[in-house]
Amino acid sequence: MWDGEAAWAALPAVLEGFGVTLVATVLGFGVALLLGLVLALVGRAGPRWVAGPVNAAAAFVRSTPLLVQLFAAWVLVPGLDALVLGVLVLGVHYAAYLSEVYRTGIDAVPKGQWEACTALSLPRRRVWRAVVLPQAVRNVLPPLGNYAVSMFKETPLLSVITVHEMVHEASSFGSTHFAYLESFTLAAAVFLLASWPTSVLVRRLEARLARGA
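Because the structure is a prediction, the values reported are computed rather than measured. (Residues numbered from 1 in each chain as written. Predicted model: local features only at pLDDT ≥ 70, side-chain atom pairs only at ≥ 80, totals over all residues. Heavy atoms only, no water.)

1. Points about the overall build of the chain
When its secondary structure is counted, the chain shows nine helices and zero strands. Here the C-alpha coordinates of the chain stretch approximately 70 × 45 × 25 Å along the principal axes. Looking at the chain alone, contacts between residues at least 24 apart form 79% of all its contacts between residues at least 6 apart. Accessible surface for the chain amounts to roughly 12,000 Å². Of this, 68% is attributable to carbon and sulfur atoms. Each charge class in the chain was averaged separately, 15 positive and 12 negative side chains, and the resulting centres sit 24 Å apart. (Helix = DSSP H or I, 4+ residues; strand = E, 2+ residues; numbered from the N terminus. Contact = heavy atoms within 4.5 Å. Areas by Shrake-Rupley, 256 points an atom, 1.4 Å probe, with all protein chains shown as cover. Lys, Arg positive; Asp, Glu negative; His and termini not counted. Charge placed at Lys NZ, Arg CZ, Asp CG, Glu CD.)

2. Details of the nonpolar core
One finds Leu98 and Leu144 to be the most contacted residues of the largest nonpolar core, which totals 22 residues. Secondary-structure elements contributing two or more residues to this core are helix H1 (4-45), helix H3 (66-76), helix H4 (82-107) and helix H7 (141-154). With residues up to four places along the chain from it excluded, the contact list for Leu144 reads Phe29, Leu33, Leu98, Val101 and Tyr102. Formed by 13 residues, the second largest nonpolar core is a distinct cluster that contains Ala7, Ala10, Ala179 and Val190. (Core = buried A, V, L, I, M, F, W, Y, C linked by side-chain atoms within 4.5 Å. Buried < 20%, exposed > 50% of the residue type's maximum accessible area, 1.4 Å probe, protein only.)

3. Describing the environment of Ala108
Here Ala108 is to be found in the loop between H4 and helix H5 (111-119). Note on Ala108: relative accessible area 47%, which makes it partly exposed. Between the C-alpha atom of Ala108 and that of Ala187, which follows or precedes it by 79 residues, the distance is 39 Å.

4. Section: the packing of aromatic side chains
Evaluation of the coordinates by the stated rule reveals six aromatic pairs. Note on Tyr94 and Tyr147: the rings are 6.2 Å apart at their centroids and 75 degrees apart in plane angle, and the pair reads as edge-to-face. Here Tyr94 is found in helix H4, whereas its partner Tyr147 is found in helix H7, with 53 residues between them in sequence. Tyr94 sits in the buried class, given a relative accessible area of 2%. Under the relative-accessibility criterion, Tyr147 is labelled partly exposed at 24%. Cluster of aromatic residues (ring-pair linked, three or more members): Phe18, Phe152 and Phe191. (Phe/Tyr/Trp six-rings, centres within 6.5 Å; stacked < 30°, edge-to-face > 60°.)

5. Comments concerning unusual backbone geometry
Phi is positive for Thr162, close to 70 degrees, though the residue is something other than glycine. With phi around 50 degrees, Phe178 is a residue other than glycine that occupies positive phi space.

6. Section: the side chain of Ser195
Inspection of the secondary structure assignment puts Ser195 in helix H9 (residues 180-212). Taking relative accessible area as the criterion, Ser195 reaches 11% and is therefore assigned buried. Side-chain polar atoms of Ser195 contact the backbone oxygen of Phe191, separated by 2.7 Å. In this structure Ser195 touches Val149 and Phe152, once residues within four positions along its chain are discounted. (Polar contact = N/O pair within 3.5 Å; in protein donor to acceptor, adjacent residues only side chain to side chain.)

7. Here's the deal with helix H2 (residues 48-63)
Helical periodicity: at 3.6 residues per turn, an α-helix aligns residues three or four positions apart in one direction. When the terminal C-alpha atoms of H2 are compared, their 22 Å separation across 16 residues agrees well with the 22 Å that a helix rising 1.5 Å per residue should span. Inspection of H2 places Ala51, Val54, Ala58 and Val61 among the buried residues, and these make up the whole buried set. Buried residues in H2, looked at end-on, bunch into an arc of 95 degrees, giving them a common side. In H2, those exposed residues whose orientation departs by more than 90 degrees from the buried face are Arg48, Trp49, Pro53, Phe60 and Ser63. (Expected span 1.5 Å × (residues − 1). Arc of directions from axis to C-beta.)

8. Details of the pattern of salt bridges
Inspection of the entire model under this criterion finds two salt bridges. With a closest N to O distance of 3.9 Å, Arg62 and Glu100 form a salt bridge. With a gap of 38 residues between them, Arg62 in helix H2 and Glu100 in helix H4 connect regions that are remote in the sequence. Among the salt bridges present, the one from Arg103 reaches Glu100, with a minimum N-O distance of 3.6 Å. Pair noted here: Arg103 and Glu100 are both in helix H4, with a separation of three residues, about one helical turn. Overall, the relative accessible area of 18% leaves Arg103 in the buried class. Taken together, the shared-partner salt bridges connect Arg62, Glu100 and Arg103 into one network. (Salt bridge = Lys/Arg side-chain N within 4 Å of Asp/Glu carboxyl O.)

As structure tokens, this is what we get:
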């Protein structure tokens, strides 16, 4: 049976955990955005002796579960703060996926843009900074938004390395007060309220970009 008093008592713990979840998502996705772009640029435009190992490493990360990566990092770097470690693992894991998203956006830049830059003898760095990347990033904004939502929903995995995110706090409250139904229902509701509007905004952005194409 649903106990309203237990749910009300669980709310502070769930919201405290939500704060940690939000921090992990924002910081982890920031790492993923920057590192993913670096991986895409190196893999696409770097020298072969660098691009090959970088692409292989990204493929390896994409081919292994996030949970396994968290456990491995926890064992290999035992002295690092759990939240910091979780943010880094999330960032690296999703950077491997975002690198492919960026690469798709770069490949979608019309060939005429490259040819025009060559005809104008623009420096290579300026071509990437002023012509290619602005168009590529605009093309991949919806997929980036989808991955941000996906990362947010995967943060409960951080509980395996003792990060006190929302699901961890809900589980702790449930075990202490024998109120798993109330605490986990609240956690699920917070996930829904936070991720659903973001998903709607991403779909609208995708539709708007499609109309403007």
